[in-house]
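Coordinate analysis (summary)
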Amino acid sequence: MSQKIPAFYYIKNNKRRVSVLVVSLAMFFIITYMSMFLLSTTSETFRSVLTESTKYIQYILLTDKDLDIDAGILQDGITEEDYMDAVNKKYNSIKGDFKKCKGIEDVFIVQTEYAYVTSIVGNYYIEIPMTNKKQMDILLKHMGAELADGHLPEKKDEVVLDRKIIKNHGYKKGDTLNRNSDVKIVGIIECDYYFGCGIANNNKTFTNPELCVVTDGTVHNLEKTIEKQGVILENSEFIDLANGEKKLQDEIIDTISGSTNFIFAGIMVIVAILVVIVNISYMRDRRSEWCLYSSIGYSRKAVYYSILREMLFVFVTALLTAAVVSIILMKLLDIFLITELGLTCLYFIPETLIEILCAYIALFGILQIPVRFEIYKIKTIDAIDDDM
């Protein structure tokens, strides 16, 4: 007699019981992965804000110390206008040094307004450069932005924003950028990045100016880049790719990583308990069936391998089912919720997939305990009758 027991006989004739196991395992995958997917809208949105756009446009706010200008001279009879003229002259001098650096295509002196992007967890600000029309057109072209609605800024204190910012904040054309701002939104642009720009309220001398550095995407650290020209700006604030990556890691990823670990561990414990309970009940209901196999000549080893094949079928079916359902759910959420909120997300999260697969393997191993326990309790029909 062949010692191989076909596993699919039981699966075919007990679809309801097998389905319970498949659904419980699939729900573990779906709930875990969808939780990480929703949390990715925070990390991926802020990744775009902090590291994607800053590959091509970076900013520097120079301090009085690095400018070698003492703001106290305003008390010595120097007018604020003369002081700002001196500041802008220093900015122009440093601007010339930056233009000599490799990877830097242009440098503008701009005013900066701010827009905010709000994710599922927290919010972050975006610099909106305000300059003259000629430089604004250069920035729009550099970022690959195209007008989608309204018109480009033509007057001072007018701005355009990309559609993601508009959706995220709930802006409409004609709204002001912020509650206490006179900057008016006159158009919507399509852009791969969270971006906006406009015309400043003074095209010659800016109050609180910043340097807007247009790069080719290869500049990582502005401070080290300008040091190559012998210019030391150790007290100034750099909003560059290096700064963005550090903020993303320290303020976003590290902050939410504790939550993701807690969520995964919680789901894992709950589902593991449920699966083990369901499986133990499943095993007990089949004890008489296995005793019958033993009575007609099948070894315990043959019975055990049959159970393993059934379990492998259940786990693989659950995995494939959950993957398909998760893809459909992610697509629907992206189209009808995430995109409409002006957020970005990540479909493929390899770390979570690896954790889920490891959890499946661990569950498979844990379930061997009740299986082996039941296998050693198998008796022949004659032995059962003797016990009675």
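Figured I'd write up the structure that's included with this text. From a predicted model like this one, the values you see are computed outputs, not experimental measurements.

1. Quick notes on the pairing of strand E8 (residues 210–215)
- Judged by how many residues are buried, E8 sits mostly within the fold: 6 of 6 residues are covered.
- Here E8 shows no split at all, with Glu210, Cys212 and Val214 on one side and Leu211, Val213 and Thr215 on the other all buried.
- Relative to E8, strand E2 (residues 104–118) is paired through 6 bridges, and the arrangement is antiparallel. Residue Val110 lies in a different strand from E8, and its bridge partner there is Glu210.

2. Some details on the nonpolar core
- If you look at the biggest cluster of nonpolar residues, it comprises 43 residues, and the most contacted ones within it are Leu25, Phe28, Phe315, Ile356 and Tyr360.
- Those elements that place two or more of their residues in this core are helix H2 (15–52), helix H8 (241–285), helix H10 (300–338), helix H11 (350–366) and helix H12 (368–375).
- With 13 residues, H2 is the largest single contributor of residues to this core.
- With residues near it in sequence (within four places) discarded, Tyr360 still touches Leu25, Ala26, Phe28, Phe29, Phe315, Ala318 and Leu319.

3. Some points on the sheet that holds strand E3 (residues 123–131)
- Sheet architecture is open: 9 strands sit in the order E4-E6-E5-E7-E3-E2-E8-E1-E9, paired in mixed fashion. Either end of the sheet is taken by a strand with one partner, and the two such strands are strand E4 (146–150) and strand E9 (237–239). Strand-to-strand twist across the sheet, computed as the mean angle between neighbouring axes with direction ignored, equals 35 degrees.
- With respect to the sheet, H2 is in contact with E2 and E3, its orientation differing from that of E3 by roughly 30 degrees.

4. Description of the layout of surface pockets
- What the largest pocket holds in volume is close to 380 Å³.
- Surrounding the largest pocket, 17 residues form its lining, Ser43, Thr260, Ile349, Glu351 and Thr352 being those nearest its centre.
- Of all elements in the fold, only H2, H8 and H11 reach the threshold of two or more residues within the lining of the largest pocket.
- Each residue belonging to the lining of the largest pocket can be placed in one class, and the counts come to 7 nonpolar, 6 polar and 4 charged.
- Quantified by volume, the second largest pocket comes out at close to 180 Å³.
- Lys164, Lys167, Thr339, Leu343 and Thr344 are the residues nearest the centre of the second largest pocket, which is lined by 13 residues in total.
- Counting residues per element, the ones that place at least two in the lining of the second largest pocket are helix H6 (163–169) and H10.
- Of all the elements, H6 adds the most residues to the lining of the second largest pocket, at 3 residues.
- Of the residues that constitute the lining of the second largest pocket, the class distribution is 4 nonpolar, 3 polar and 6 charged.

The rules behind the values
- Residues numbered from 1 in each chain as written.
- Predicted model: local features only at pLDDT ≥ 70, side-chain atom pairs only at ≥ 80, totals over all residues.
- Heavy atoms only, no water.
- Buried < 20%, exposed > 50% of the residue type's maximum accessible area, 1.4 Å probe, protein only.
- Helix = DSSP H or I, 4+ residues; strand = E, 2+ residues; numbered from the N terminus.
- Pairing = 2+ DSSP bridges.
- Core = buried A, V, L, I, M, F, W, Y, C linked by side-chain atoms within 4.5 Å.
- Contact = heavy atoms within 4.5 Å.
- Axes fitted to C-alpha atoms, helices over the stretch in contact; angles between N-to-C directions.
- 1 Å grid on protein atoms, 1.4 Å probe; cavity = no way out; pocket = protein on both sides within 12 Å on 5 of 7 lines; lining within 4 Å.
- Points joined across faces, edges and corners; volume = space filled by probe spheres on them.
- Nonpolar A, V, L, I, M, F, W, Y, C, P; charged D, E, K, R; others polar.

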